[in-house]
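# Commentary on secondary and tertiary structure
Each chain, written out:
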Amino acid sequence: MFDEKQTDTGAEFPPDKIRKSIRSAKEGIGWPSERLIGAYTRNREGNQVLFFGGVHGNEPSGVQALHRVFAHLEEHRPSFRGSVIGIVGNPPALAAGKRFLHKDLNRTFDHDHLRSLEKQESGTAEGEDREAVELVRLLRRLLHNGISTNRIFVDLHATSAAGGRFSVLKDSEINREIAARMHLPLILGLETKLHATLMNYLYSQGMSGLLFEGGQIGTKESLEVHTSGIWTLLTGLGCLHPKDVPDYRLHINRMIDAAEGLPKAVRVIYRHPISPQDAFRMRPGFV
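Residues numbered from 1 in each chain as written. Predicted model: local features only at pLDDT ≥ 70, side-chain atom pairs only at ≥ 80, totals over all residues. Heavy atoms only, no water.

## Comments concerning the overall build of the chain
- A count of helices and strands for the chain gives nine helices and eight strands.
- By residue count, 50% of the 287 residues in the chain fall in the buried class.
- Of the contacts made within the chain by residues no fewer than 6 positions apart, 81% connect residues no fewer than 24 positions apart.
- When the accessible surface of the chain is split by element, carbon and sulfur atoms take 50% of a total near 13600 Å². (Helix = DSSP H or I, 4+ residues; strand = E, 2+ residues; numbered from the N terminus. Buried < 20%, exposed > 50% of the residue type's maximum accessible area, 1.4 Å probe, protein only. Contact = heavy atoms within 4.5 Å. Areas by Shrake-Rupley, 256 points an atom, 1.4 Å probe, with all protein chains shown as cover.)

Rendered as structure tokens:
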């Protein structure tokens, strides 16, 4: 299912195409940039893995975890099969520490809406619309680079309530396998209740993957679980050898412990939309 062999054959995975696609992505929005956290490859055949953090600006743990991982990769330069890229979803909201500035970016990836935005005069889209257009253009450069490989995404999030450590995914064998390699419980069917999410847009582009909730917003736990989840997936996919991961066994155990006592899978039957009659109030710091 995945290209996960760890060998020392030195077989290359079109290095020129890898470098060109990553360089093109960087140059397309300016580099250095707040959008791209990092990109790493050693030009060997394997999966292309895209991690997204900060789609909601008040959920920084995914971005912080990715900075940790890329700092280690760049310092130690381990062997790596395929490539991994870390992307910030909503830099302005992340800088402000707010879920969004104008509207929820994770409800902006409607195909008709995106086409309409891209037809507008260059630079006229504002707020989260601008962020969505930039992300789509960046993804286009990364996905349509002439390289034939498995493309896998993980969208890193945190929850307002405590204890949220699980995956949300479209039910398929390959998506379940990705979650299994991260030791994550499954929430099935939720993606059908949510409109215009980044996750569903990525599925429409032929990618496999999931949304990864690492814990409660603003907690050390969510940062640690996100960090461990990233390392666990990169080793589980065969991108990295466990010997090249700092405290490898700690990360595996953390992910197993995070899922302890939780059901292996839950299917969403009904989602209750909040209405004014519910008198719902979000606590400060979660919007």
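## A short note on the side chain of Thr235
- Tracing the backbone shows Thr235 in helix 8 (residues 220–236).
- Polar side-chain contacts of Thr235 include one of 3.1 Å to the backbone oxygen of Trp231.
- Those residues in contact with Thr235, other than ones at most four positions away along the chain, are Leu240, His241, Pro242, Val245 and Tyr248. (Polar contact = N/O pair within 3.5 Å; in protein donor to acceptor, adjacent residues only side chain to side chain.)

## Let's talk about the environment of Met182
- When you line up the elements, Met182 lands in the loop between helix 6 (173–181) and strand 6 (186–188).
- Met182 gets classed as buried once you look at its relative accessible area, which sits at 0%.
- Put simply, Met182 and Leu233 are 51 residues apart on the chain and 5.5 Å apart in space, counted from C-alpha to C-alpha.
- Residues within four places of Met182 in sequence aside, it is in contact with Leu210, Phe212, Gly229, Thr232, Leu233 and Met255.

## Quick notes on the sheet that holds strand 6
- Read across the sheet, eight strands follow the order 1-3-2-4-7-5-6-8 without closing on themselves; strand pairing throughout is mixed. Looking at which strands have only one partner, the edges of the open sheet turn out to be strand 1 (36–41) and strand 8 (265–267). For this sheet, the mean inter-axis angle between neighbouring strands, taken without regard to orientation, is 20°.
- As defined by bridge partners, strand 5 (residues 166–169) adjoins strand 7 (residues 208–216) across three bridges and the pair is classed as antiparallel. Bridge pairing in strand 7 links Phe166 to Glu213.
- Running over the sheet, helix 2 (residues 61–76) touches strand 1, strand 2 (44–53), strand 3 (81–88) and strand 4 (151–159) and is turned about 35° from strand 1.
- Lying over the sheet, helix 8 contacts strand 2, strand 3, strand 4 and strand 7, oriented at roughly 155° with respect to strand 7. (Pairing = 2+ DSSP bridges. Axes fitted to C-alpha atoms, helices over the stretch in contact; angles between N-to-C directions.)

## Digging into helix 6
- Taken residue by residue, helix 6 has Asn175, Ile178, Ala179 and Arg181 as its buried positions. Down the axis of helix 6, the smallest arc covering the buried residues is 165°, so these residues share one side.
- For helix 6, the elements touching its buried residues are strand 4, strand 5, strand 6, helix 7 (198–204), strand 7 and helix 8.
- His183 occupies a position one or two residues after helix 6 and carries a positive phi of about 60°. (Arc of directions from axis to C-beta.)

## Topic: the pairing of strand 4
- Most of strand 4 sits out of view: nine of its nine residues are buried.
- Of the two faces of strand 4, both are covered, the one formed by Arg151, Phe153, Asp155, His157 and Thr159 as well as the one formed by Ile152, Val154, Leu156 and Ala158.
- Here strand 4 pairs with strand 7 via seven bridges, running parallel. In the sheet register, Ile152 faces strand 7, and the bridge partner there is Ser208.

## Concerning a nonpolar patch on the surface
- Residues Ile274, Phe280 and Met282 make up a contiguous nonpolar surface patch of about 300 Å² in total accessible area.
- Locating Ile274 in the fold gives a position in the segment after strand 8. (Patch = residues over 30% accessible without salt bridge, like charges linked within 9 Å, V, L, I, M, F, W, Y side chains within 5 Å. Salt bridge = Lys/Arg side-chain N within 4 Å of Asp/Glu carboxyl O.)

## Considerations on the packing of helix 8 against helix 9 (residues 248–258)
- Contact geometry for helix 8 and helix 9: axes closest at 9 Å, N-to-C directions at 115°. What the angle tells us is that helix 8 and helix 9 run roughly perpendicular. Crossing geometry of helix 8 relative to helix 9 is assigned as left-handed. Contacts between helix 8 and helix 9 involve Glu224, Val225, Thr227, Ser228, Gly229, Trp231, Thr232 and Thr235 from the former and Tyr248, His251, Ile252, Arg254, Met255 and Ala258 from the latter.
- Residue composition of the contact of helix 8 with helix 9, by class: six nonpolar, six polar and two charged. (Parallel < 35°, antiparallel > 145°, perpendicular 65-115°, else oblique. Left-handed = near helix turned anticlockwise from the far one by under 90°. Nonpolar A, V, L, I, M, F, W, Y, C, P; charged D, E, K, R; others polar.)

## Brief notes about the confidence of the model for the chain
- When pLDDT is averaged across the chain, the result is 88; 85% of the residues are at 70 or more.
- Confidence drops under pLDDT 50 across residues 6–15; counting only partners more than four residues distant or on other chains, this segment forms 26 contacts.
- In the model, residues 28–32 has pLDDT below 50 throughout and makes four contacts with residues more than four positions away in sequence or in other chains. (pLDDT = per-residue confidence, 0-100.)

## Things to note about the environment of Ile230
- With respect to the secondary-structure elements, Ile230 resides in helix 8.
- Ile230 sits in the buried class, given a relative accessible area of 1%.
- Measuring from C-alpha to C-alpha, the distance between Ile230 and Gly62 comes to 9.3 Å, with 168 residues separating the pair along the chain.
- The contact partners of Ile230, leaving out residues within four places of it in the chain, are Phe51, Ala65, Leu66, Val69 and Leu156.

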